[in-house]
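Letter by letter, the chains look like this.
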There are 4 protein chains.
Amino acid sequence: MLTSDEQNTAQRARTDLAKDQRRMSLLMAALDEFFEKGFSAARMQDIAKRVHLSKGTLYLYFDSKQALFKALIEEVALPTLTTTLQQSIGDQPAPAALKALMQNVTRVIRHSPLPRIVKVIIADGKAFPDLVSFYRTQVLDRVFTLIDSLLQKGVQQGHWYCLDTALSARLVVAPILFSVIWRMVFEADEYGLPDQQAKLDLDALLQLHTNNLLLILATKPELGSQPEAHHV
Amino acid sequence: MLTSDEQNTAQRARTDLAKDQRRMSLLMAALDEFFEKGFSAARMQDIAKRVHLSKGTLYLYFDSKQALFKALIEEVALPTLTTTLQQSIGDQPAPAALKALMQNVTRVIRHSPLPRIVKVIIADGKAFPDLVSFYRTQVLDRVFTLIDSLLQKGVQQGHWYCLDTALSARLVVAPILFSVIWRMVFEADEYGLPDQQAKLDLDALLQLHTNNLLLILATKPELGSQPEAHHV
Amino acid sequence: MLTSDEQNTAQRARTDLAKDQRRMSLLMAALDEFFEKGFSAARMQDIAKRVHLSKGTLYLYFDSKQALFKALIEEVALPTLTTTLQQSIGDQPAPAALKALMQNVTRVIRHSPLPRIVKVIIADGKAFPDLVSFYRTQVLDRVFTLIDSLLQKGVQQGHWYCLDTALSARLVVAPILFSVIWRMVFEADEYGLPDQQAKLDLDALLQLHTNNLLLILATKPELGSQPEAHHV
Amino acid sequence: MLTSDEQNTAQRARTDLAKDQRRMSLLMAALDEFFEKGFSAARMQDIAKRVHLSKGTLYLYFDSKQALFKALIEEVALPTLTTTLQQSIGDQPAPAALKALMQNVTRVIRHSPLPRIVKVIIADGKAFPDLVSFYRTQVLDRVFTLIDSLLQKGVQQGHWYCLDTALSARLVVAPILFSVIWRMVFEADEYGLPDQQAKLDLDALLQLHTNNLLLILATKPELGSQPEAHHV
DNA sequence: GATGAATGAGAATTCATTCAT
DNA sequence: AATGAATGAATTCTCATTCAT
């Protein structure tokens, strides 16, 4: 008689809940592999092995490698983001909301799969233009819209001056993307010693960024000194 | 009957100069393929075909696909950068130098291969940790050091206030990286019409960024309002 | 409509036993291909096809062509030999044992894969010096030692005279190797009509050889007529 | 002005003599490569490089790799042999002739290309059945016939008894082939130290073999103890 | 005559996908 | 549901051969 550890066949997922969990764990395994190897170099077998399942089982949940990639973008990116960000803003005055947002961002960068998804999309998006388009409209544009609204709210509330909130929203996001990329690319967690010189102080950077933003937004632009802003 | 143009054997690169040019054209072809498909999905044959050569010929110039990638990073990234940036600063006062730098950056983003190289490194760097390390120390750190020096110079010259020039250098660069990534990932030039909505107004963004920077740097920080900055 | 025999997917080897058998059949197929074409010219696909498998399946059993070659030498040469020869000698008096041995040799030459392995090692050994060394020490030296012991035993038992049993062991083996090479190289069984002129009468040759040996060994050497023997 | 050493183009072979020499040096280079790598794994470029010529030049002398192999067997094997052996026998009495022959054999094994040719034929002959057939009839059969004649002469002269001179000729040759194979396969000259244990004392072996032969041939066979010999 | 750049057929190897158990 | 043996298309890389200079 074998204990479950000794069997070489994994537990079956019988209930819908168990199947959903298995599906999700496969998606996260895929994310890790895609993140580390890239879509093309990632092996279906390795993805399955990460959750102690066989190749064949992976195909019970996803029709193909491409389908797996698509599901990853569609099912993980969106929920992760909306869950995390929407709650950041709430009812507070705009400056407080901006500060809260930036702190949430720090947490998301550290603890959610989103940064890895961003890296995967940058790396392999060209093979999936529909998905990239989906991601941009469903995820990124929402983020920019959210920030845009926040900036407008601050202007309306009399806290801030901002002539081009759409463009400024991009500048709000830029250091966040910078941090994400830097951590994903230059700070190897995996093997070998991460280059200590390469370590980015995430908190300090985003703190300084936040301070800069608050300063800029609080400053009344002199007429003519701002360029005529075109939006994105 | 074939005219000489219709032969199926390419002109031979006989002189050292011709060979260097051929090598360089292969590197640029590789960059394009790596950029569009990723290292793993790019096919050696397609790289060769881009310059109307056979795969066999490609192997006369590079021992392997990996060697091709390495040569790309080592031989293209570094010269492109140093050539382009070092000239930007010159002898001008710091604020003028910063403006000049940002304008040069716009040109580099539009016309040099560097943005594509950045995308390639983000996408495929994990397979070449040595190269990533090389790139960070030889290219990126130089850029940061250059900007850091500029900021310090501005402070010494009495134009600016800046408590943490190293960290601020990152914030100078962040919107540049943002623009690069945005253009590389979300503005497909290749097939079909790029999503017009996705177009980023590069000039406006960097212009606004520059103005913001100049404003921040010109502002004397109130004591205690800045976080203790840790650098990168 | 296909009957089960006409499927294009082979039976699966599910049990360990079935896998061992499949592995062995692949080894024998490899031996045949290596024997006929040489290591370098043999094609993995042809080896697989000999046992009605695809090349992909071959790689389930052996990591590479080199690994296949190594397994062939290590797993087939040694067992074949020890199984066949050790039983030849037994407890009989030395002359009877020598006769028995030579008769077994005839059978081995005719019916075991050993002659083909010998040819393969001669042909391709230079690419695998470790294996050649292994083969010499594990197979050949054992054979020589066995014969050496037999000769010594004959001397001790008073049947024979032999001043240099080690060297004589080589002379015992020489006509065997000659026969093997001759059959492997000059008597093509495969295609086309073997040159009837080239046929070697294996039994007669080894019978004559045995008689010669018995005569020589039974003859007391005159002093000084033997060279000072150096052994191998 | 370049001295001849510094040119990167070899001296032209203008005279027929020079061309013949160049052709011969290419053949010997091919022999060395075929011997070490086997026909299939040998590279035309390496053969040319051995004599400091380019691939292209090699093709001026031989139409193809196969043609090179054929020329090697046809042009080198035959002359080498006939030159060396025919002179061994001369007019002496049979026993003296046999001794002389065996001493010549030692020299041939050590200093002529013949042993390497033998190895090459064993290794790659299967791909060139015509050549093997040619080699057997033109080279080997001549050798056997020569020895056969010698044995018959010894019998006629009253020195020897030999019921089956054809078969015995094979036994005369067997230890020679053994020595050749042993040296070619188990005594690596190339890299690293050859296994000292593997060294065969060629002189001693052939000396002992000669003594044995003389003994056997001098012994009158008892009636019925010899098998009815079939010849080859 | 000599060269070596260019070519592309060919071989080893990988891996997404299928499917019998 | 889960498995992993089997498959073969696809890709990297090699090397015999050609041919313009």
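Residues numbered from 1 in each chain as written. Chains lettered and ligands numbered in written order. Predicted model: local features only at pLDDT ≥ 70, side-chain atom pairs only at ≥ 80, totals over all residues. Heavy atoms only, no water.

Chemist: Would you take a moment to explain the overall build of chain A for this structure?
Modeler: Looking only at helices and strands, one finds nine helices and zero strands in chain A. Written out in order from the N terminus, the α and β elements of chain A read α-α-α-α-α-α-α-α-α. The long-range fraction of contacts in chain A, counting pairs at least 24 apart against all pairs at least 6 apart in sequence, stands at 70%. (Helix = DSSP H or I, 4+ residues; strand = E, 2+ residues; numbered from the N terminus. Contact = heavy atoms within 4.5 Å.)

Chemist: Please clarify how the environment of Val-180 of chain D should be interpreted in this entry.
Modeler: Residues and elements named next belong to chain D. Residue placement: Val-180 occurs in helix 8 (residues 165-186). Val-180 sits in the buried class, given a relative accessible area of 7%. A sequence separation of 56 residues divides Val-180 from Asp-124, and the C-alpha atoms of the two residues are 17 Å apart. Residues within four places of Val-180 in sequence aside, it is in contact with Ile-109, Pro-115 and Val-118. (Buried < 20%, exposed > 50% of the residue type's maximum accessible area, 1.4 Å probe, protein only.)

Chemist: Explanation requested: the interface of chain B and chain A in the structure shown.
Modeler: Often the size quoted for an interface is simply the accessible area lost on bringing the parts together. At the interface, 51 residues of chain B touch 51 residues of chain A. Summed over both sides, the interface of chain B with chain A buries roughly 4700 Å², with 73% coming from carbon and sulfur. Per-residue buried area on chain B facing chain A is highest for Lys-126, Arg-136 and Leu-171 of chain B; these three make up 14% of the total on that side. If you look at where chain B meets chain A, you find zero salt bridges. Across the chain B-chain A interface, the total number found is four residue pairs in polar contact (both at pLDDT 80 or more). Elements with a contribution of two residues or more to the side of chain B that touches chain A: helix 1 (16-37), helix 6 (114-124), helix 7 (129-156), helix 8 (165-186) and helix 9 (202-218) of chain B. At 14 residues, the largest contribution of residues to the side of chain B that touches chain A is made by helix 8 of chain B. Residues of the side of chain B that touches chain A, tallied by class, amount to 30 nonpolar, 13 polar and eight charged. (Buried area = accessible area lost by both parts, 1.4 Å probe. Salt bridge = Lys/Arg side-chain N within 4 Å of Asp/Glu carboxyl O. Polar contact = N/O pair within 3.5 Å; in protein donor to acceptor, adjacent residues only side chain to side chain. Nonpolar A, V, L, I, M, F, W, Y, C, P; charged D, E, K, R; others polar.)

Chemist: Hey, could you run me through the packing of aromatic side chains in this one?
Modeler: Two numbers describe a pair of aromatic rings. These are the distance of the centres and the angle of the planes. Within this structure, the stated rule accounts for 36 aromatic pairs over all chains. Seen in terms of ring centroids, Trp-182 of chain A and Phe-186 of chain A are 4.6 Å apart; in terms of plane orientation they differ by 45°. Their pairing is tilted. Of this pair, Trp-182 of chain A and Phe-186 of chain A both sit in helix 8 (residues 165-186), separated by four residues, roughly a single helical turn. Across the pair, exposure class does not vary: Trp-182 of chain A and Phe-186 of chain A are buried alike. The interplanar angle of 20° and the centroid separation of 5.8 Å between the aromatic rings of Phe-178 of chain B and Trp-182 of chain B together place this pair among those described as stacked. In this pair, Phe-178 of chain B and Trp-182 of chain B are both assigned in helix 8, four residues apart and thus about one turn of the helix distant. Following the ring pairs from residue to residue traces out a cluster consisting of Phe-34, Phe-39, Phe-69 and Phe-128 of chain A. Note that Lys-65 of chain B overlies the ring of Phe-39 of chain B, its terminal NZ or CZ placed 4.9 Å from the centroid. (Phe/Tyr/Trp six-rings, centres within 6.5 Å; stacked < 30°, edge-to-face > 60°. Lys NZ or Arg CZ within 6 Å of the ring centre and 35° of its normal.)

Chemist: Any chance you could explain helix 1 (residues 16-37) of chain D here in plain terms?
Modeler: Residues lying three or four places apart along an α-helix face the same way, a consequence of the helix completing one turn every 3.6 residues. All names here are of chain D. Across its 22 residues, helix 1 extends 31 Å between first and last C-alpha, which sits within 8% of the 32 Å expected from 1.5 Å per residue. Inspection of helix 1 places Arg-22, Leu-26, Leu-27, Ala-29, Ala-30, Leu-31, Asp-32, Glu-33, Phe-34, Phe-35 and Glu-36 among the buried residues, and these make up the whole buried set. Within two residues after helix 1, Gly-38 carries a phi angle of roughly 90°, on the positive side. (Expected span 1.5 Å × (residues − 1).)

Chemist: How should the relation of the copies chain D and chain C be read in this particular structure?
Modeler: Each of the two chain copies can be brought onto the other by rotation about an axis and movement along it. In screw terms, the move from chain D to chain C is a rotation of 179° and a rise of 0.0 Å along the axis, fitting with an RMSD of 0.1 Å. A rotation of that kind, with that shift, is consistent with a two-fold axis. Ranked by how close their C-alpha atoms come to the rotation axis, the residues of chain D are headed by Ala-123 of chain D, at 2.0 Å. Taken together, the interface assignments show that 100% of the residues at the interface of chain D recur at the interface of chain C, consistent with an identical surface on both copies. (Least-squares fit on C-alpha atoms with pLDDT ≥ 70 in both.)

Chemist: Is there a simple way to explain the interface of chain D and chain C in this structure?
Modeler: Facing the 51 residues of chain D at the interface are 51 residues of chain C. The junction of chain D with chain C conceals about 4800 Å² of combined surface from both sides, 72% of it contributed by carbon and sulfur atoms. Together, Lys-126, Arg-136 and Leu-171 of chain D form the three largest contributors to the area buried by chain D at its contact with chain C, with a combined 14%. Our count for the chain D to chain C interface comes out at four residue pairs in polar contact (both at pLDDT 80 or more). Among the secondary structure elements, those contributing two or more residues to the side of chain D that touches chain C are helix 1, helix 6 (114-124), helix 7 (129-156), helix 8 and helix 9 (202-218) of chain D. It is helix 8 of chain D that provides the largest number of residues to the side of chain D that touches chain C, a total of 14 residues. Residues of the side of chain D that touches chain C, tallied by class, amount to 30 nonpolar, 13 polar and eight charged.

Chemist: Could you clarify how one ought to interpret the protein's contact with DNA strand E in this entry?
Modeler: Taken together, the neighbourhood of DNA strand E is formed by 46 residues, with Arg-12, Arg-22 and Lys-55 of chain B together with Lys-19 and Arg-22 of chain D sitting nearest. In DNA strand E, the atoms that sit within 4 Å of the protein are 64% sugar and phosphate, with bases accounting for the remainder. The separation between a phosphate oxygen of DNA strand E and a polar main-chain atom of Ala-10 of chain B is 3.0 Å. In the environment of DNA strand E, a phosphate oxygen lies 3.2 Å from a nitrogen or oxygen atom belonging to the side chain of Lys-19 of chain B. Mapped onto the surface near DNA strand E, the elements with two or more residues apiece are helix 3 (55-61) of chain A, helix 1 and helix 3 (55-61) of chain B, helix 3 (55-61) of chain C together with helix 1 and helix 3 (55-61) of chain D. When its residues are assigned to classes, the surface near DNA strand E shows 16 nonpolar, 14 polar and 16 charged. (Near = heavy atom within 4 Å.)

Chemist: Help me understand the pattern of salt bridges, please; the structure alone is not making it clear to me.
Modeler: A pair can form between side chains of opposite charge whenever their charged atoms are brought close. For the coordinates displayed, the defined rule picks out 44 salt bridges over all chains. The salt bridge involving Arg-43 of chain A is made with Asp-46 of chain A; its shortest N-O contact spans 2.9 Å. Linking Arg-136 of chain D and Asp-141 of chain D is a salt bridge whose minimum nitrogen-to-oxygen distance equals 2.9 Å.

Chemist: Can you help me understand the confidence of the model for chain A in this one?
Modeler: Residues and elements named next belong to chain A. The share of residues in chain A with pLDDT of 70 or more is 85%, and the mean pLDDT across the chain is 87. Every residue in residues 1-7 scores below 50 in pLDDT, and together they form three contacts with partners more than four places removed in sequence or on other chains. Predicted confidence for residues 225-232 stays below pLDDT 50, and this span has 23 contacts to residues more than four positions away or in other chains. (pLDDT = per-residue confidence, 0-100.)

Chemist: Just checking my understanding: could you explain the protein's contact with DNA strand F for this structure?
Modeler: Around DNA strand F lies a shell of 46 residues, among which Arg-12 and Arg-22 of chain A together with Arg-12, Arg-22 and Lys-55 of chain C are the nearest. Counted by atom, the contact set of DNA strand F within 4 Å of the protein is 65% sugar and phosphate. Interatomic distance of 3.1 Å between a backbone N/O atom of Lys-65 of chain B and a phosphate oxygen of DNA strand F. A distance of 2.9 Å separates a phosphate oxygen of DNA strand F from a polar atom in the backbone of Ala-10 of chain C. Looking at the surface near DNA strand F residue by residue, the classes come out as 16 nonpolar, 14 polar and 16 charged.

Chemist: Even after reading the chapter, I still don't get the relation of the copies chain B and chain A, so can you show me in this structure?
Modeler: For the pair chain B and chain A, the relating rotation is 180°, the translation along its axis is 0.0 Å, and the fit reaches an RMSD of 0.1 Å. With an isologous cut-off of 70% or more, the 100% of interface residues of chain B that recur at the interface of chain A puts this contact in the isologous class.

Chemist: Looking at this structure, I do not really get the side chain of Arg-170 of chain B. What am I missing?
Modeler: Residue and element names in this part refer to chain B. Here Arg-170 lies in helix 8. Comment: no salt bridge for buried Arg-170; closest opposite-charge side chain is Asp-141, at 4.7 Å. Reaching out from Arg-170, the side chain makes a polar contact with the backbone oxygen of Ala-166 at a distance of 3.3 Å. (Lys, Arg positive; Asp, Glu negative; His and termini not counted.)

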